[in-house]
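# Reading the structure
One-letter residues, chain by chain:
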Amino acid sequence: MKPIWIVDDDQSIRFVLQKALEKADLPVRSFASTREVQAALTTEQPQVLVSDIRMPGGSGITLLQELKRSQPQLPVIIMTAYSDLDSAVSAFQSGAFEYLSKPFDVDKAVDLIRRAVDESLREQGAETSGVETPELLGQAPAMQDVFRAIGRLSPSLVTVLITGESGSGKELVAQALHRHSPRAQGPFVAINTAAIPRDLLESELFGHERGAFTGAQASRRGRFEQAEGGTLFLDEIGDMPYELQTRLLRVLSDGNFYRVGGHAPIRANVRVIAATHQNLEQRVRDGQFREDLFHRLNVIRLRLPPLRERREDIELLVRHFLHKSAAELGVETKRLSDAALAVLQGYSFPGNVRELQNLCHWLTVMAPGLVVDVKDLPPELSGAPQASAMAAATATPGAPTAAGGVAAGAATEPASGSEALGVAPAIAPAPTPAAWESDLAGQARTLLQSGSTQVMDQLTQRFERAVILAALEVTHGRRIEAAQRLGIGRNTITRKIQELGLDE
């Protein structure tokens, strides 16, 4: 490892830091001015550079800017006794790894320098092993199964149904199926059937003739015609109005359709890929989705796993999204500390890959240093593992305990009133924070010591079940109001109720 360079005109600062780093078994070299550093850079390079911001004969900011032009991956820590906003902003805008205010705690300074060293070594490894980012990322077995399926389907034009939670990347899979198909040279046209008003969806899909309805002043090609010779991706197909499902079934059956107000059939030369986060079999049973259309779409089904089932991919995805966000914003790519990465890997990510991507964009804009630590994560995320696991303290009626039994008060058969609607009976007052945290720790230890796996998922599901049941009880079974009170979307609470089996 190359030495750490300390640049400060204050001899006492150089002495204290040098001794502390030597005690930590880190090689170190000190300089009294930026001129000395510039002379040494002609023959040597540091692993990390720690520089004062204001020195006679040269500014630490100027030195930082010069180093970022010649050695952009070199971590530079800026020290200053002038803890003003302008200095901090100037340091970070120039690409500083971190900003250290004087006087500082020596042990914390050494920890910060160690983080910078780790990132420098990691960056060197990434440079030597860097490869082009593929269109889809995933090392988890579930994602490898998806990749294999895409490969097997590449020579085919068969209809595919992609299932998976919102934000899990269903459209990316559809695009990959198109790019690796015989229709790759044709257009890829996507439409979200849940995002278009019912009255307009028919025209969006099939087009319309002039005068077909009020405001139709000219003929218009629909998505089926726009996708001619290519692929039409029908996202959230489970939300398509029932009456339009018949028209879609006709196209899939005989390949012909009519524009709205038209009389001449149009031949559809299109491959259809559909996607949904809903349980279509259940919607068929509920009379909300045509069974014959379901079988037409369900020729080949690909299930895209939620992010909580592929936690080993989080590190890979974080690196990709942070690099992508940095490129879009024209800034240096940030990196996560091991502790921050561990927090993300313990979080359930209800919004899946889309939520992770948004988080990485937020960190690129808001995190103060080049290395993102736990304290830099959004408050709702840094506390998420503890909150997610709160289920241990709520003891949901009917939920299995760590010992394999059933929580006290479980009802073996549905009763009348709110319980018959799938709503829990009145919940006892919440325990104090100290009590539920202690209970939570005990539940987690019991599960871990018993050899259980996916402990975080188990506790998260129990927590979500208890909170949703409580919200439904308070709102007397009104789901939309319950979702509003919980601060989640209507589709989210519907999906959670289905996943957790609360509607059975």
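To start, this report covers the structure provided alongside it. (Residues numbered from 1 in each chain as written. Predicted model: local features only at pLDDT ≥ 70, side-chain atom pairs only at ≥ 80, totals over all residues. Heavy atoms only, no water.)

Here we come to the sheet that holds strand β13 (residues 271-276). Overall, parallel pairing links the 5 strands, which are arranged β9-β10-β13-β8-β14 in an open sheet. Taken across any chain shown, the strands that pair with only one partner, and hence form the sheet edges, are β9 (188-192) and β14 (300-303). On average, adjacent strands in this sheet sit at an angle of 20 degrees to one another, irrespective of strand direction. Across 4 bridges, strand β8 (residues 160-163) lies against β14 in parallel orientation. Bridge assignment links Ile162 to a residue of β14, and that residue is Leu302. Along the sheet, helix α6 (residues 141-153) makes contact with β8, β13 and β14, crossing β14 at roughly 155 degrees. (Pairing = 2+ DSSP bridges. Helix = DSSP H or I, 4+ residues; strand = E, 2+ residues; numbered from the N terminus. Axes fitted to C-alpha atoms, helices over the stretch in contact; angles between N-to-C directions. Contact = heavy atoms within 4.5 Å.)

In this section: the nonpolar core. One finds Phe224, Leu234 and Ile237 to be the most contacted residues of the largest nonpolar core, which totals 29 residues. For this core, the elements supplying multiple residues, two or more each, are β9, α8 (198-206), β10 (231-235), α10 (242-254), β13, α11 (280-285) and α12 (291-297). Among the elements that make up this core, the one with the highest residue count is α10 (5 residues). When near neighbours in sequence (up to four residues on either side) are disregarded, Ile237 contacts Leu161, Thr193, Leu248, Ala274, Ala275, Thr276, Leu280, Phe289 and Leu297. (Core = buried A, V, L, I, M, F, W, Y, C linked by side-chain atoms within 4.5 Å. Buried < 20%, exposed > 50% of the residue type's maximum accessible area, 1.4 Å probe, protein only.)

This brings us to the sheet that holds strand β1 (residues 4-7). Taken in spatial order, the 5 strands make up an open sheet running β2-β1-β3-β6-β7, and their pairing is parallel. The strands lining the two open edges of the sheet, one partner per strand, are β2 (28-31) and β7 (98-101). Geometrically, the sheet is characterised by an average inter-axis angle of 20 degrees between neighbouring strands, direction not taken into account. Where strand β6 (residues 76-80) lies against β7, 4 bridges are found, and the strand directions are parallel. Bridge pairing in β7 links Met79 to Leu100.

Once that is clear, we can look at the environment of Ala190. Along the chain, Ala190 turns up in strand β9. On the basis of relative accessible area, Ala190 is assigned to the partly exposed category, the value being 29%. A sequence separation of 44 residues divides Ala190 from Leu234, and the C-alpha atoms of the two residues are 6.2 Å apart. Those residues within four positions of Ala190 in sequence are excluded, and the remaining contacts are Glu171, Arg223 and Phe233.

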